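One letter stands for each residue in the lines below.
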Amino acid sequence: MHYSVFSIISQAFKGQKDWKPVWRYPDPKAEYEILIIGGGGHGLSTAYYLAKNHGYTNIAVIEKNYLGSGSVGRNTTIVRSNYQEPGNIPFYEHSLKLWEGLEQDFNYNAMMSQRGVLNLYHSDSQRDDYARRGNAMMMHGVRADLLNREQVRDVVPFLDFDNARFPIHGGLMQWRGGTARHDAVAWGFARGADSRGVDILQNTEAKQIRVENGKVTGVETSRGFIKAKKVGIVAAGNTTRIAETAGLRLPIESYVLQAFVSEAIKPLIPCVVTFGAGHFYISQSDKGGLVFGASLDYYTSYAARGNLPGVEDTIEEAMAIMPSISRVKLLRHWGGIMDMSMDGSPIIDKTGIDGLYINCGWCYGGFKATPASGYCFAHLLATGESHPVATALKLNRFETGYVIDEAGTGAQPNLH
Amino acid sequence: MRIPCPFCGPRDSQEFSFLGQAGLKRPDPNAPDAQMQFHDYVHIRDNKAGVTQELWLHANGCRSWIVVTRNTLTHEITGSEFASPQVKEAAQ
């Protein structure tokens, strides 16, 4: 069913009784052309673009839990392309352009809102650094605006501009950045993929990737063995666990990241605001809740729950820029597992095993990349070649030295 | 999370900083495949889900490097010891 104003009006006259489920619950077939491990945002968008751009219909996505149960349904929903490294900017800009046309493309309301992303700076040297980042963006055709203190005040007047330790001197604004409704993104891609014949197999856990003579033959799952000519791993925090079953060792460590939502308040924060003297980002959802997060808990973890020092650190950073929200109550907070790569940038590449492809290392910036990640991974799976905007995201860049280290912190994933 | 420091006793995890997987052996730079070995040494990790051994520094305490045995699925810590004997052994 195509969603439009007419479908809404006609349903209103039918008592809303004709809405159909937007995806099926199929049983696994014995064999697929391509099998994607991981039914999160990236896995679903990979399936969507494989079907839409490359005409594949005999493909499946396996997901161990329910659809969108991982980080795609539990993140801080920020969409932006304000990167600095040459290997990253074209990729994330491609992603932002896909975001701009996404709702029309998959005919689903993802509540994409280009409300702007403002990175605050707190010192002269940081202003210079942000100017450099803005220049790097503009060299790739991405607009960036370096705002001074008064210009920032026009946008977000309620910040603590004269904080004794971290005074706000200005900010780098990307007006085209913003937020999107994370669940709807997963659902939109799932619906688009399903309607094109992709089987989305929920509650189907990948147990073991079967490799014979250096070639992938299929995946052992909790619902039996599924044969596949090509297998794509898009398993986020559990990437290394599933890759290990094929004998792969990856430059990835898993860490827990916490995120927070407050009770709903009246409209306060008009854009995404990030704190420059630490790592803190906040926006306000359409429901009114403040959605925010900070850095990782700094030790490896698969526990999907954080510890209190991480909470304290996040709240302290919030208070450093927005003391006005100190009395707002937290509604909920949660932890998720992040696949942190050794240079803080993602990997979309082939592996040494014939027919096995990998899409991982999204650290905690995967949401904004959801469309382009799927777009480029689908291109790789279909053609065997990297998409032109993803040529730098190679698995072997740690061997060749062409790492993409935005933060400049080296091979220490908990610092990215 | 509390970490039992072998010198100071159980201390808050905020006093410690985390380095990563313990027991990595620095490769011989003169080996014929040294480049690949160093690649693995710097970038490739087990990233185990379960009981791991990892290096922590008691940065805001006795400043000892310690090897902590911890379960990454539950955050349960079952032991810790000074890192120096292990490091000395690996260096030989």
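Coordinates for the structure precede this section.
Residues numbered from 1 in each chain as written. Chains lettered and ligands numbered in written order. Predicted model: local features only at pLDDT ≥ 70, side-chain atom pairs only at ≥ 80, totals over all residues.

Q: Mind showing me how you'd approach the overall build of chain A here?
A: Counting its regular elements, chain A contains ten helices and 18 strands. The C-alpha atoms of chain A give a radius of gyration of 21 Å, which matches the 22 Å a tight globule of 416 residues would have. Structurally, chain A occupies a C-alpha span of about 65 × 65 × 40 Å along its principal axes. Taking all 416 residues of chain A together, the buried fraction comes to 52%. Contacts in chain A between residues at least 24 apart in sequence constitute 75% of all its contacts with a sequence separation of at least 6. (Helix = DSSP H or I, 4+ residues; strand = E, 2+ residues; numbered from the N terminus. Rg over C-alpha atoms; globule rule 2.2 N^0.38 Å. Buried ≥ 20, exposed ≤ 12 C-beta atoms within 10 Å, placed from the backbone. Contact = placed C-beta atoms within 7 Å.)

Q: Where do I start with the overall build of chain B in this structure?
A: Along its length, chain B carries two helices and six strands. Ordering the α and β elements of chain B from the N terminus gives β-β-β-α-β-β-β-α. Here the C-alpha coordinates of chain B stretch approximately 45 × 25 × 20 Å along the principal axes.

Q: Please explain the sheet that holds strand β6 (residues 77-82) of chain B as it appears in this structure.
A: Picture the strands of a sheet paired through backbone hydrogen bonds; they go either parallel or antiparallel. All names here are of chain B. Read from one edge to the other, the open sheet built from four strands follows the order β3-β4-β5-β6, with strand pairing classed as antiparallel. Two strands lie at the open edges of the sheet, namely β3 (17-21) and β6, each paired on one side alone. Going across the sheet, the axis of each strand differs from the next one's by a mean of 30 degrees, ignoring polarity. Pairing between strand β4 (residues 51-57) and strand β5 (residues 65-71): seven bridges, direction antiparallel. Its bridge partner being in β5, Leu-57 is matched across the sheet by Trp-65. (Pairing = 2+ DSSP bridges. Axes fitted to C-alpha atoms, helices over the stretch in contact; angles between N-to-C directions.)

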